[in-house]
Each structure stands twice: as structure tokens, then as C-alpha cells.
Amino acid sequence: MFQKALVEGITVRHSMSAIVAIGLIRGDPIRLHGSGRAQVAEDTSPSSNNGYKMAEPIRVLVTGAAGQIAYSLLYSIAKGDVFGKDQPIILVLLDIPPMLPVLDGVVMELQDCALPLLREVIPTDKVEVGFKDLDAAILVGSMPRKEGMERKDLLKANVAIFKTQGAALDKYAKKTVKTDYFWPDYSNTNCLIASKSAPSIPKENFSCLTRLDHNRARSQVAIRVGVSSDRVKNVIIWGNHSSTQYPDVHHATVEQHGKEVPAFEAVKDDTWLKGDFITTVQQRGAAVIKARKLSSAMSAAKAICDHMRDIWFGTPDVRLGFGQKPFTFTPLVFRGLPVILNVLEGEFVSMGVYSSGNSYGIPDDLMYSFPVTIKNKSWKVMDGLAINDFSRGKMDATAAELIEERDTAVSFLGV
């Protein structure tokens with residue numbers, strides 16, 4: 001017996017299809033059950049507003065809070081773009097003592113925004129205040145490279161900073177704290193050092209930002225093909241947040257004319273994808289500095305938001321498409337015409353995470369960027385992707401750089 005329902009202008013036949021249609025119109029994720037049933041997942045996205053009781057505030061730390069990246073970042077956090085539109089925030093802003101007068105100005109601006117989710121702003125230069133009872137830590141403050149400074153000297157200075165911050169996380173923060181590290185130099189290794197300095201916090205709770213590189217790669221492909229960036233899925237950044245990183249589109253897809261095709265097929269220029277595309281992404285940060293005379297701030301802040309929002313709410317485990325494999329549902333009727341809806345595989349993103357027993361032969365005990373999926377605030381490396389010889393060489397090269405950085409940094413720890 002057919003069941004008919006009018007769902008926002010779509011006449012749907014069969015109860016299973018009705019659920020799919022609602023998910024498509026509202027943009028909800030679709031969950032598949034072993035029995036073949038489809039169900040609209042509970043809407044826990046940042047835009048959710050289902051009338052639930054307002055949650056208790058969470059404490060979110062941003063270090064380097066008087067800097068330009070934080071200035072581009074704080075408003076998005078405070079207005080609910082990262083942790084949810086129903087999630088009150090206590091924002092803790094940590095910086096060094098000479099920056100406290102600047103930090104006072106940042107606090108005034110946040111207050112003047114009159115953001116309903118922002119319950120309290122705590123500016124401080126003391127780690128015991130900054131790291132106390134944290135739910136999330138976004139660490140963007142470290143020592144920048146100065147003129148004439150050797151890379152080894154910069155690494156030594158930052159080891160001291162992130163050893164202190166890791167110890168503070170270990171002593172003062174909640175053991176469930178989720179931590180994201182970003183800095184142009186040694187982001188992966190800084191994150192590794194902090195994790196080693198916080199032995200009571202699971203290494204899985206630490207991650208470093210390669211989402212900026214991921215977004216750059218996605219955008220470059222989209223521009224080349226002439227589509228919006230959200231039509232490009234599953235690019236990968238392998239390895240270090242440095243010029244050795246490997247932007248890989250062998251598993252990426254591009255949505256064109258209502259169907260998804262492999263990125264290589266969409267671009268139709270293998271030479272560009274294996275050459276200028278890679279170097280453009282690898283050197284994009286330097287190009288921004290050359291043009292702006294300042295490092296990336298707006299795009300870095302956006303990437304941090306993307307990274308933390310995915311940790312909090314997860315990556316899409318199922319996507320909807322039209323007239324494509326692998327799964328086809330019963331036709332919907334839209335304006336008198338049948339529409340075939342299909343459920344596609346989930347999406348993965350790039351994130352620097354702790355390397356341990358992966359299927360790609362990457363050595364253990366590195367913070368290495370992998371493709372990951374995220375569910376219930378826990379990441380999982382997307383294992384089993386085919387790796388050709390071209391990719392293998394580049395993945396190993398960036399791993400070698402991280403091994404060298406790690407060994408040098410550990411020698412500075414004094415342990």
C-alpha cells in the first residue's frame with residue numbers, strides 16, 4: 001500500500017523515500033541501517049535549533065589571542081559557527097604579558113558584538129588560568145621565525161613553548177579536551193611535542209591543522225574546472241604542514257552536470273595535477289606573505305573553524321546524489337516527474353593526527369596528515385586507499401622530513 005506525503009513541495013511515495021526527501025530538502029545527514037531502513041539523523045549541526053534546553057557553557061581556549069589569526073577566528077567561535085548555535089561559550093584568551101593591552105581591546109570588541117552565546121571572556125597571561133577545565137584548545141600562538149634565525153633555533157624555541165603548553169593541558173585541562181595546533185612553522189612537530197608532554201591525555205585528542213592546505217587544494221581544483229568548491233570532495237593532504245606536503249587528488253571527485261566524476265577526469269590535465277597544482281598548494285602560504293606582507297589569517301581562521309567543527313560534529317557519513325551509483329532508492333515524484341536519489345559514500349577530510357599502525361606504511365610516532373573520518377568526536381584514518389608509485393614517493397618524502405623534525409625536537413626535550 002502506498003503512503004503519500006507532501007513534503008515541502010515534493011510528493012513522496014513510500015515511507016522510506018519520504019525520509020530521504022526530507023533529508024535532501026533540509027540538508028540533514030542520512031543514516032543507513034543494516035535492515036535497509038533509512039533514517040534522518042538527529043540534527044546536531046551548528047545550525048540546529050530544535051528547541052532543546054540550552055547546554056551548559058563549554059570552555060574554549062585560544063592562544064596567541066591578540067594576534068591576527070585569532071582576530072579573524074574569535075568572532076566565528078563566539079557566534080556559534082564552530083561548536084553549535086545552541087552551545088554557550090566561555091572564551092579564554094591567552095597571550096604573553098606585553099600583548100595584554102591589545103588583548104583588552106579584543107575583549108572590548110567581543111563584548112560590543114553582543115553575541116548571545118558568549119557568556120564570558122577571560123583574558124590572561126597565566127597558563128594555570130588559561131588551561132583550567134578546558135573542553136577545547138586552539139593553539140595558534142608560538143614564536144615566529146625572525147630574520148637570520150636558523151630553523152633548528154626556531155624549533156628549539158617552540159619545543160620549549162609547546163612542552164609548557166602540553167604540561168599545562170595535562171595538569172589543568174579536562175582529560176577529554178580536544179586540541180588543534182596551527183602555526184606556519186613546525187605545526188605537526190609542535191603538536192607531537194605537546195602530546196608527549198601531556199601523558200594523561202590520549203594522543204588521539206591532539207591534532208594539527210592541515211585543513212588550510214586541504215581547502216587550498218579543493219579551491220584550486222574547483223577554479224580549474226569552473227565549479228564551486230563544495231562540488232570538490234575527498235582531496236587529501238599527506239604529511240607535514242610544510243613545502244613537502246603532498247596534495248593528492250587521486251581519490252577526489254568533482255560534481256559536474258549532476259554527477260560525480262574523478263578529479264583527473266574532470267580536470268583533463270594530468271601534467272597540471274602532478275606539477276603546478278601541487279607546487280601551488282605547497283607554496284601558497286609563501287605566496288600570500290609575498291603579496292600581503294603578512295601570513296594567511298582569514299583563510300587560516302576559516303580552516304581552524306572547519307577543523308574544529310568537524311571534530312565536534314563529525315564528517316558526513318553519507319551523502320545524497322542524483323542518478324548515480326552505488327545505492328538507488330525508490331523514485332520520488334517531483335512536479336510530476338520521477339527523481340532517482342542515491343546515497344553515496346561518506347566524505348573524508350585532511351587532518352594531522354598521531355600515526356600508529358596505519359595501512360600506508362607511515363612510521364609510528366609522528367603527527368602526520370591523513371585522510372580521516374570523524375564520528376562522536378573521534379577520528380579514524382581512512383585506510384585502504386590505493387597508492388600509486390608517484391604518491392608513494394611523495395608520501396615518504398614528507399614523512400622523512402617529519403622524522404628529522406621529531407628526532408631533533410625530542411633531543412631538546414631533555415627526556
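Look a little higher up for the structure.
Predicted model only: the values in this text are computed from it and were never measured. (Residues numbered from 1 in each chain as written. Predicted model: local features only at pLDDT ≥ 70, side-chain atom pairs only at ≥ 80, totals over all residues. Heavy atoms only, no water.)

**Structural notes on the pairing of strand β9 (residues 178-181)**
A regular strand places its side chains so that they alternate between the two faces of the sheet. Quick note on the threshold: Accessible area is worked out with a 1.4 Å probe on protein chains only. A residue is then buried under 20% of its type maximum, exposed over 50%, and partly exposed in between. Each helix is a run of DSSP H or I of at least 4 residues and each strand a run of E of at least 2, with the numbering of both proceeding from the N terminus. Only strands that DSSP links by at least two bridges are regarded as paired with each other.
Covered by surrounding structure in β9 are Lys 178 and Asp 180 together with Thr 179 and Tyr 181, the residues of both alternating faces. Note: strand β8 (residues 136-139) against β9, 4 bridges, orientation parallel. Of the residues in β9, the one forming a bridge with Ala 136 is Lys 178. As paired strands, β9 and strand β10 (residues 206-208) are joined by 3 bridges and run parallel to one another.

**Here's the deal with the sheet that holds strand β15 (residues 259-262)**
For sheets, the rule is that strands pair by backbone hydrogen bonds, running either parallel or antiparallel. Taken in spatial order, the 3 strands line up as β11-β14-β15 in an open sheet, and their pairing is antiparallel. Both outer strands of the open sheet, β11 (232-233) and β15, are each paired with one neighbouring strand and no more. The sheet contact formed by strand β14 (residues 253-256) and β15 spans 4 bridges and is antiparallel. Looking at β15, one finds that Glu 255 is bridged to Glu 260.

**Thoughts on the pattern of salt bridges**
Where charged atoms of side chains with opposite charge meet at close range, the side chains can pair. Rule in force here: Each reported salt bridge corresponds to a side-chain nitrogen of Lys or Arg within 4 Å of a carboxyl oxygen of Asp or Glu.
If you walk through the whole model with that rule in mind, you get 16 salt bridges. Note that Arg 211 is salt-bridged to Asp 310, the shortest N-O span being 2.7 Å. Residue Arg 211 is found in helix α7 (residues 211-225), and its partner Asp 310 is found in helix α12 (residues 298-313); the two are separated by 99 residues along the sequence. As far as burial versus exposure is concerned, Arg 211 and Asp 310 are alike and both buried. Linking Lys 233 and Glu 347 is a salt bridge whose minimum nitrogen-to-oxygen distance equals 3.7 Å. Taken as a pair, Lys 233 in strand β11 and Glu 347 in the loop between β20 (341-345) and β21 (349-354) lie far apart in primary sequence, 114 residues in all. One exposure class covers both Lys 233 and Glu 347, and it is buried. When salt bridges with common partners are traced through the structure, they connect Lys 79, Asp 81 and Lys 85 into a single cluster.

**What to know about unusual backbone geometry**
Backbone geometry at Asp 133 places phi at a positive 55°, although glycine is not the residue there. In the Ramachandran plot, Lys 293 falls in the positive-phi region, its phi being about 65° despite a non-glycine side chain. Relative to the helices and strands, Lys 293 is located in the loop between α11 (284-292) and α12.

**Details of the packing of α7 against α12**
For clarity, the threshold we go by: Note on method: axes are straight lines fitted to C-alpha atoms, helices fitted across the in-contact stretch only, with angles between N-to-C directions ranging 0 to 180 degrees. Should an angle fall under 35 degrees it is called roughly parallel, over 145 degrees roughly antiparallel, and 65 to 115 degrees roughly perpendicular, with every other angle called oblique. Any two residues whose heavy atoms approach within 4.5 Å are treated as being in contact. The residue classification treats Ala, Val, Leu, Ile, Met, Phe, Trp, Tyr, Cys and Pro as nonpolar and Asp, Glu, Lys and Arg as charged. All others, Gly included, are polar.
Closest axis-to-axis distance for the α7/α12 pair is 8 Å, and the angle between their directions is 105°. Taken together, the axis directions place α7 and α12 in an arrangement best described as roughly perpendicular. Facing Arg 211, Leu 212 and Asn 215 of α7, the residues of α12 in contact are Ser 299, Ala 300, Lys 302, Ala 303, Asp 306, His 307 and Asp 310. Tallied by class, residues from the contact of α7 with α12 come to 3 nonpolar, 3 polar and 4 charged.

**Describing the nonpolar core**
Within soluble globular proteins, side chains that are nonpolar generally end up buried alongside one another. To be explicit about the condition: Among buried residues, those of type Ala, Val, Leu, Ile, Met, Phe, Trp, Tyr and Cys that are joined through side-chain atoms within 4.5 Å constitute a nonpolar core.
Counting residues in hydrophobic clusters, the biggest one holds 78 residues, and the most contacted among them are Val 62, Phe 83, Leu 91 and Leu 93. Sort the elements by how many residues they give to this core and α12 lands first, with 8 residues. Sequence-distant contacts of Phe 83, defined by excluding residues within four places in its chain, comprise Ile 58, Val 60, Ile 77, Ile 89, Ala 136, Met 308, Trp 312 and Phe 313. Val 92, Leu 169, Tyr 186 and Leu 192 belong to the second largest nonpolar core, which has 31 residues in total.

**Overview of the packing of aromatic side chains**
Threshold: Here a pair means two rings of Phe, Tyr or Trp (six-membered ring of Trp) with centres within 6.5 Å. Their orientation is stacked below 30 degrees between planes, edge-to-face above 60, and tilted elsewhere.
Within the structure shown, the criterion is met by 7 aromatic pairs. Measuring from centroid to centroid gives 4.8 Å for Phe 83 and Trp 312, while their planes differ by 85°, and the two rings are edge-to-face. In this pair, Phe 83 sits in the loop between α2 (68-78) and β6 (89-94) while Trp 312 sits in helix α12, placing the two residues 229 residues apart along the sequence. Its relative accessible area of 3% is what places Phe 83 among the buried residues. For Trp 312, a relative accessible area of 14% translates into the label buried. Pairing Tyr 246 with Phe 390 gives two aromatic rings, centres 6.1 Å apart and planes at 70°, and the pair type is edge-to-face.

**A closer look at the side chain of Arg 406**
To be explicit about the condition: Each polar contact in these results corresponds to two N or O atoms within 3.5 Å; when the atoms are within protein, one needs to be able to donate a hydrogen and the other to accept it, and residues that are neighboring in sequence are counted only if both atoms are side-chain atoms.
Structurally, the position occupied by Arg 406 is in helix α13 (residues 389-413). Judged by relative accessible area, which is 15%, Arg 406 ranks as buried. Within the structure, the side chain of Arg 406 is placed 3.3 Å from the backbone oxygen of Asp 364, a separation counted as a polar contact. Every residue in contact with Arg 406, bar those within four places of it in the chain, is listed here: Thr 189, Leu 192, Asp 364, Asp 365 and Leu 366.

The analysis is restricted to geometry; functional conclusions fall outside its scope.
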